[in-house]
There are 2 protein chains.
Amino acid sequence: VLFRLLLEYDGSGFSGWQSQAGATRTVQEVLEAAFEQLDAGPARVTGSGRTDAGVHAEGQVAGVSLSRDFEPEALKRALNAILPADLAVLGVDRASADFDARRDATGKTYRYGVWNGRASSPLRSARWHHVAIPLDIVVMKQAAVELLGTHDFACFQAAGSDVVDTVRDLRRLEVAGRTGAEIVFLIEGSGFLWHMVRTLAGTLLEVGRGRRDPNSMGALLASRDRRQAGPTAPAKGLTLVSVEYGAGAAKGALASGVS
Amino acid sequence: VLFRLLLEYDGSGFSGWQSQAGATRTVQEVLEAAFEQLDAGPARVTGSGRTDAGVHAEGQVAGVSLSRDFEPEALKRALNAILPADLAVLGVDRASADFDARRDATGKTYRYGVWNGRASSPLRSARWHHVAIPLDIVVMKQAAVELLGTHDFACFQAAGSDVVDTVRDLRRLEVAGRTGAEIVFLIEGSGFLWHMVRTLAGTLLEVGRGRRDPNSMGALLASRDRRQAGPTAPAKGLTLVSVEYGAGAAKGALASGVS
């Protein structure tokens, strides 16, 4: 029986979603161990995508095929009783037999948090990237507009990635200044290349510091050269907010786990 | 020379503000050690009040008398370069010679965060108290109104406290439901008895669960009996937001440390 899971995790204590060489504790492994404990057979959990080490999620979606059936709400409770405090299942529902969490995703939304106070903020240090130099929000917004839309984002892809088709649709790139010195990037797209969100953030931050022309984004995209883009911003500032599955997928049912 | 400090700390790693028997790491001690390292002599730091172990602060105020003078902004930077990641100085200014952080405070504002989702929330577990049973915000607001004003709050004071005058002015007790299942109590008063804020929160939570009549607050206050009030809510949900010093104190200058 195929189930769909809505997941929240604090990435600080995980070596990312999926085991890589030498990784010690991954979200996928911790989930699979929980299914074993529930006597649900050797389960293979497939995420909508792999979040890097240190990246958080408040709406990751995964599919899992279990050897026996469960009542979804009971499965959710049973999992949460086993899972550690930094990983929780927010919702469970039965998925159609052909559901593929990765392939069926039609979009993803990320949030990147920047703390732009002069002093570092102890209450934000775990999930906000601290930039002490005052950032110019206006020019960051200007640069963001140029990045919106369907482009070849090759220059924002981590070196060493073997993805060939690097065209993606960036649907939303919002620069929002909230209370005090909190600056938030809201980033939504059809899909993202490896490190693309963090490199977008790192590049916008260079613009905000005045180190990069806000009108240079078109030329940067055209370069297709990773070395022309800004640095990869730290993982701890990044949160996967939600995964979209188009009109057909009953996302509402899953999200109802949060009352 | 007397200085005033505006402080932020994550209470998780501290045994509260001030050393008590057996306490290992307190905010006060860590600050005093930093002043020693700056060669500012044996400094005694006085807080506006003692926060308990695990309680956070984003606007604690303290006074410190140093054996030599410093330029306030330089002192702030020097302290932040020494202090650990869970404690930061947001602002420093010179105080008048008779400034007393505790005695001069005319009010304090606290925030108590309750996560009312059915599942626990990994991204909130460090600073939100999880209550899985759905809470009724309307009755909590109703009870809050009855607690507002000047009353004898003896029933909300921790047993064992030796404070005799237990009359306080509760100026604000707001129950706010924010996004999703986040419920926030905003609590402002002339001053608070030991554990008073957390016992107010614990009592409101009993009302919200339907275990206590929202119209019983007057009788509860009249009882002056700690055993009649609700449990002390967990420390991790509590944050000291700000300390008020009346019209005379230049709080604005201090707060300007956050750009």
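Residues numbered from 1 in each chain as written. Chains lettered and ligands numbered in written order. Predicted model: local features only at pLDDT ≥ 70, side-chain atom pairs only at ≥ 80, totals over all residues. Heavy atoms only, no water.

**With respect to helix α4 (residues 196-208) of chain A**
Residue and element names in this part refer to chain A. Quick note on the threshold: Per the convention used, a helix needs a DSSP run of H or I reaching at least four residues, while a strand needs a run of E reaching at least two, with both numbered from the N terminus. What a helix is expected to span follows from its residue count: subtract one and scale by 1.5 Å. Each residue's exposure class comes from its accessible area (1.4 Å probe, protein chains only) as a fraction of the maximum for that residue type: buried when under 20%, exposed when over 50%, partly exposed otherwise.
Helix length check: α4, at 13 residues, gives a terminal C-alpha distance of 18 Å against a target of 18 Å (1.5 Å per residue), a fit within 8%. The buried fraction of α4 is high, at 13 of 13 residues. A positive phi of about 85 degrees marks G210, the residue just after α4.

**Here we look at the packing of helix α3 (residues 137-147) of chain B against helix α4 (residues 196-208) of chain B**
Residue and element names in this part refer to chain B. Where we set the bar: Axis definition: a line fitted to C-alpha atoms, over the contacting stretch in the case of helices. Angles run 0 to 180 degrees between N-to-C directions. Roughly parallel means an angle under 35 degrees; roughly antiparallel, over 145; roughly perpendicular, 65 to 115; everything else is oblique. Handedness of each helix crossing follows the sense of rotation of the near helix against the far helix: counterclockwise by less than a right angle gives left-handed, clockwise gives right-handed. Note on contacts: a residue pair qualifies if any of its non-hydrogen atoms lie within 4.5 Å across the two residues. Classes in brief: Ala, Val, Leu, Ile, Met, Phe, Trp, Tyr, Cys and Pro nonpolar; Asp, Glu, Lys and Arg charged; the others, Gly included, polar.
One way to put it is that α3 packs onto α4 with a least axis distance of 8 Å and a crossing angle of 140 degrees. On the basis of their axis angle, the class for α3 and α4 is oblique. Considering how the two elements wind past one another, α3 and α4 form a crossing that is right-handed. Contacts between α3 and α4 involve V139, M140, A143, A144 and L147 from the former and L200, L204, L205, V207 and G208 from the latter. A class-by-class count of the residues in the contact of α3 with α4 yields nine nonpolar, one polar and no charged.

**With respect to the pattern of salt bridges**
Using the following cut-off: Any Lys or Arg side-chain nitrogen found within 4 Å of a carboxyl oxygen on Asp or Glu counts as a salt bridge.
Taken as a whole and judged by the stated rule, the model has 32 salt bridges over all chains. Close ionic contact of A:D104 with A:R103 constitutes a salt bridge, the shortest N to O distance being 3.9 Å. Residue classification places A:D104 among the partly exposed positions, given a relative accessible area of 28%. Look at the salt bridges and you will find they share partners, linking A:E73, A:K76 and B:R118 into a network.

**A word on the interface of chain B and chain A**
The test is simple: Reported buried area values correspond to the accessible surface (1.4 Å probe) lost by two parts on association, with both partners' losses combined. Within 3.5 Å is the distance limit for a polar contact, defined as a pair of N or O atoms, with the added protein rule that one can donate a hydrogen and the other accept it, and that residues adjacent in sequence qualify only through two side-chain atoms.
Counting residues at the interface gives 32 residues for chain B and 33 residues for chain A. For the chain B and chain A pair, buried surface summed over both sides reaches about 2,100 Å², with 53% attributable to carbon and sulfur atoms. Inspection of the region where chain B meets chain A yields two salt bridges. With its nearest N and O atoms 3.0 Å apart, the salt bridge here joins B:E73 to A:R118. Linking chain B to chain A there are eight residue pairs in polar contact (both at pLDDT 80 or more). Mapped by element, the contributors of at least two residues to the side of chain B that touches chain A are β1 (2-9), β3 (56-65), α2 (72-82) and β4 (87-94) of chain B. Here the side of chain B that touches chain A is built from residues that sort into 12 nonpolar, 11 polar and nine charged.

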